[in-house]
Amino acid sequence: MIPQLYLSEFTATGARIPLRVCHTEKFKAGLLSLSAAFPIRERDSWMLALLLAVLRRGSEKYPSLSAINRRLDCLYGTEISIRNFYRGDLQIIGFAAELLDDSYLPTGTESLMDGVLELLCQILFHPLLDEEGCLLSRYVESEKQLHCDQIRARKNQPRAYAAERCRELLYSEEPIGISAYGTEEEVMAVTPRELTDFWRGVCRRFLPDCFYVGSADEGKVQSALSRILLPELQAEPVASPSLWGSEAPLRAPLRTEEALAVSQGQLALGFRTEITGRDPRFYAMAVYQEILGSSPIAKLMMNVREKHSLCYSCSSSYNAYKGSILILCGLKNENREKAEREILRQTEDIANGQISDAELAGALASLENAYRRIEDSPSAMEQYYYGRALAGMEITPEELRRRISRVTREDVVAAARTLRLDTVYFLRGTLEEKGGEELDDME
Amino acid sequence: MTWNEIRSDLLREHYFTGVHKSGLPIYVFPKKLTSVYALFATRYGSVDTVLPLPDGREVTLPEGTAHFLEHKLFENADGSDAFAKFSQYGADANAYTTYNRTAYLFSCTDCVSESLRELLSFVTSPYFTEQTVKKEQGIIAEEIRMGRDDPWDRCYGNMVRGLYEKNPVRFDVCGSEESIARITPELLYECCRVFYHPSNMALVICGDVSTSLVEEAADAVLSEYVPAKRPIRRAVAEKKEAHRARLTDSMQVAKPLFAIGFKDPVIPQSPAERLRRDAAMTMLDEILFSRSGDFYNRLFEEGLITPSFDAGYSASDTFAFNGIFGESEDPEEVLSRLTAYLEEVRQKGIDRADLERCRNALYADEIRAYDSTDEIANRLLSFVFDDAEMFSYPTLLQEITREELQELLCSVYREEYRTLSVILPSDRSDPARE
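What counts and how
Residues numbered from 1 in each chain as written. Chains lettered and ligands numbered in written order. Predicted model: local features only at pLDDT ≥ 70, side-chain atom pairs only at ≥ 80, totals over all residues. Heavy atoms only, no water. Pairing = 2+ DSSP bridges. Helix = DSSP H or I, 4+ residues; strand = E, 2+ residues; numbered from the N terminus. Axes fitted to C-alpha atoms, helices over the stretch in contact; angles between N-to-C directions. Contact = heavy atoms within 4.5 Å. Buried area = accessible area lost by both parts, 1.4 Å probe. Salt bridge = Lys/Arg side-chain N within 4 Å of Asp/Glu carboxyl O. Phe/Tyr/Trp six-rings, centres within 6.5 Å; stacked < 30°, edge-to-face > 60°. Buried < 20%, exposed > 50% of the residue type's maximum accessible area, 1.4 Å probe, protein only. Polar contact = N/O pair within 3.5 Å; in protein donor to acceptor, adjacent residues only side chain to side chain. Domains from an automatic or database assignment. Nonpolar A, V, L, I, M, F, W, Y, C, P; charged D, E, K, R; others polar.

Topic: the sheet that holds strand β9 (residues 201-207) of chain B
Residues and elements named next belong to chain B.
Line of reasoning, step 1. Strands sit in the order β1-β2-β3-β9-β4-β8-β7 across an open sheet of 7 strands; the sheet is mixed. Either end of the sheet is taken by a strand with one partner, and the two such strands are β1 (4-8) and β7 (92-97). In this sheet, adjacent strand axes meet at a mean angle of 15° when their direction is disregarded.

Let's talk about the interface of chain B and chain A
Line of reasoning, step 1. With 71 residues of chain B at the contact, the number on the chain A side is 64 residues.
Line of reasoning, step 2. Summing both partners gives a buried area of about 5,900 Å² for chain B against chain A, and 49% of it is carried by carbon and sulfur.
Line of reasoning, step 3. In this structure, the connection of chain B to chain A is made through 9 salt bridges.
Line of reasoning, step 4. Salt-bridge contacts for E306(A) lead to K135(B); the nearest nitrogen and oxygen are separated by 2.8 Å.

Quick notes on the packing of aromatic side chains
All names here are of chain B.
Line of reasoning, step 1. For the structure on display, the rule yields 36 aromatic pairs over all chains.
Line of reasoning, step 2. Between Y104 and F122, the aromatic rings sit 5.8 Å apart at their centres with planes inclined by 85°, giving edge-to-face as the arrangement. One end of the pair, Y104, is in strand β8 (residues 102-108); the other, F122, is in helix α3 (residues 112-123), with 18 residues separating them in the sequence. Of the two residues, Y104 and F122, both sit in the buried class.
Line of reasoning, step 3. Consider the rings of F319 and F321, whose centres lie 6.0 Å apart with planes at 25°: the pair is stacked.
Line of reasoning, step 4. The class of F319 is buried, set by a relative accessible area of 3%.

With respect to the side chain of R401(A)
Residue and element names in this part refer to chain A.
Line of reasoning, step 1. With respect to the helices and strands, the residue R401 is situated in helix α14 (residues 397-405).
Line of reasoning, step 2. Judged by its relative accessible area of 18%, R401 is buried.
Line of reasoning, step 3. A distance of 3.5 Å separates the side chain of R401 from the side chain of E368, its partner in a polar contact.

So, the sheet that holds strand β13 (residues 320-327) of chain B
Residues and elements named next belong to chain B.
Line of reasoning, step 1. Spatially, β10-β14-β11-β13-β12 is the arrangement adopted by the 5 strands of the open sheet, whose pairing is mixed. In this open sheet, the two strands that pair with only one neighbour each are β10 (246-251) and β12 (309-315). On average, each strand axis in the sheet is tilted by 15° relative to the strand beside it, whichever way the strands run.
Line of reasoning, step 2. Where β12 lies against β13, 7 bridges are found, and the strand directions are antiparallel. Its bridge partner being in β13, F309 is matched across the sheet by G326.
Line of reasoning, step 3. Of the strands in this sheet, β12 and β13 are in contact with helix α9 (residues 271-289), which crosses β12 at around 170°.
Line of reasoning, step 4. Across the face of the sheet, helix α11 (residues 331-348) comes into contact with β10, β11 (257-263), β13 and β14 (418-425) while running at roughly 40° to β11.

Looking at the domain arrangement of chain A
Residue and element names in this part refer to chain A.
Line of reasoning, step 1. Domain annotation of chain A identifies domain 1 (5-232) and domain 2 (254-429).
Line of reasoning, step 2. Listed as interface residues are 34 residues of domain 1 and, on the opposing side, 37 residues of domain 2.
Line of reasoning, step 3. With both sides pooled, the region where domain 1 packs onto domain 2 buries about 3,000 Å², and carbon together with sulfur makes up 66% of that total.
Line of reasoning, step 4. Applying the counting criterion to the domain 1 and domain 2 interface returns 6 salt bridges.
Line of reasoning, step 5. For R83, the salt bridge goes to E382, with nearest N and O atoms at 2.8 Å.
Line of reasoning, step 6. Counting across the domain 1 and domain 2 interface gives 12 residue pairs in polar contact (both at pLDDT 80 or more).
Line of reasoning, step 7. Looking at the side of domain 1 that touches domain 2, the elements that each hand over two or more residues are β2 (15-23), β3 (29-39), β4 (80-87), β5 (90-100), α5 (158-170) and β6 (209-214).
Line of reasoning, step 8. Its residues placed into classes, the side of domain 1 that touches domain 2 shows 20 nonpolar, 3 polar and 11 charged.

And the structure:
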């Protein structure tokens, strides 16, 4: 059983801050996170990424990267991860820290929770500024370069790049399709003054959701947040932005191909469905996705890979916030058409009711297993509860499992029939004939 | 069977160990979590390239045989797939091959006994035909291509090839398209007979399980086996110095990648000494190259390296090396800065405050490692295959002295043991070749 989750709220400048606490003694390291949601907007999307990176470089009290990292070492190697991702049409930014449980610390050690919160507040609200009240131009210029490096390095990982490109095309007319990177020209043009103004704006809008898993009780967590975080918050109450976007436009499948100097081709297929997480048919769609490309005996694995030997990997993923399914397959260029036909055949087979008892039972068991193990990991619990809270659907994993267990073959077939192909992206590998060079000859 | 209990007061954990009558060493680590994670593994990996035949002769195996076998064992004689069985139980099955082991695993939240029996059974029931071997060659060829397109994999692999001239650690775990084409069903059967005997394997399970449940599963599946002698892994004679000082390759990358390797000239014969050396090298890496250390911060502030920076020590009974990895417009400059930095620390001596700060951070990492069944089981397995005791590790971290670290700093980080592997963007030429 998942330990009881306490939900409480505390107030700051009239705004209400939700705090979710899961009190449990089963972990040696707990988790504390602060996350805030913003609507995805052009420019803001990548400015947020740049800002977070600059803030991490130094604060008033910890003026350099090494000072921040040394402080973390003193907090028993606590790691702070900076978050920046899209959920539906929202951009989430924030921080998460894994805290070693107090009972493993020598007596007399300072409270790690207080220490981490103080450091987080330093990073977010007290960055190092110059005499004119501007973020240090040295840090801004350096992070602009690193951000541009990241833009250029997207192609280093062909599989992830193909998935990203397919998503950009699939969502080209929605906020989630807005680039999280920007272009090199845009990024290089940002001045320290602009980024500083942007930072002040973010502070005025930063109203976090707080989450804690660990052995401290609700009162202790709330007290630390009230003492350390609350005095820093400046945000006025605002209506929470919605994660749910508008319906996806209907269009003929879009086909795009790019070439890259790699040895393997990457085929990515993007589908749309009207079924999102707030649809009663969501549970059937989750089962569909398992049968198609996620369970250990998924149709894509068993047919495209095992039966036809076309690839090493072929799998699918379902974005329930947007109502989309993405299929990825790494293959030889010459197998591209054959693989696409075979993949589409699998989606058609399910829509035509060709689901074996073993496939259905396997998918249900696989989801049951996946949702039960959430309680084994603080970060999985946080992801689950924060994701549901953002979506405005507070449902326990137990209830969710119950609903999934009631899904029938007919439900899955009906869900399958809502799928329509929207985007076909192919990354052609131009090194296919080369490869297998003997390295010793290269010197 | 007799079970021994091993306890750690520091970690507040314990596990049981015993040898099953089939010869299989079993490790049960009780943990009150929902998921159960089990590993059934053999001491057979990509470095084991010599197969002893029953008549006393030896054959050299094609590169990638251990990994190929890992793929093939999931297929049953009736044409079914082991994944299908696990799927019925809601268990997630998988496998992996490293330089020195092949491990089959599942994790589940229900039907532990059924899944465990299936694990023990499919791994010990090989079935191969010409046709099924041929089919797998196509799939693995794509896996090899996928790896070839990963610049970090290539940079790492080239570093190892730069360090070792003869040791089979220099081969890719998957082999090559050419080498796997030489694999036959007969060869795979022979590898199973030699390397997949329970005496050469280990079963590690972590979760809310009892020793009796595990013993019953082993009794039910492995009744035909009796203990046997383990095949001996022989070290290939290899000089202490690095094979090459420098290896350059080019690929689709935005910025050059580098891997600086140091071949450890000493591989202690005693497992306890190897473990101590591993702990000391890990600590030294933390002091020299962590994100709170001077080297990373100086080079990062100057823009010479990016946040993609890491260092780590890899060791086994037949090879050991340390690697430092990153991205830089000028890897040669990073190398010369590294040389100067190491000299500076040698001259000044390791800072005592740095040492204690790193000790605390590593101590905390050690404790945090005991929160998930998969992490615990994989960790325990790697200690078992190194013939070392897992709970002694945090104590070692407390014991390692500054003098020990200084000695390692002088004896391992030397130019003659070093190699530099660089991946240049495809559109740039190699300055050293001009």
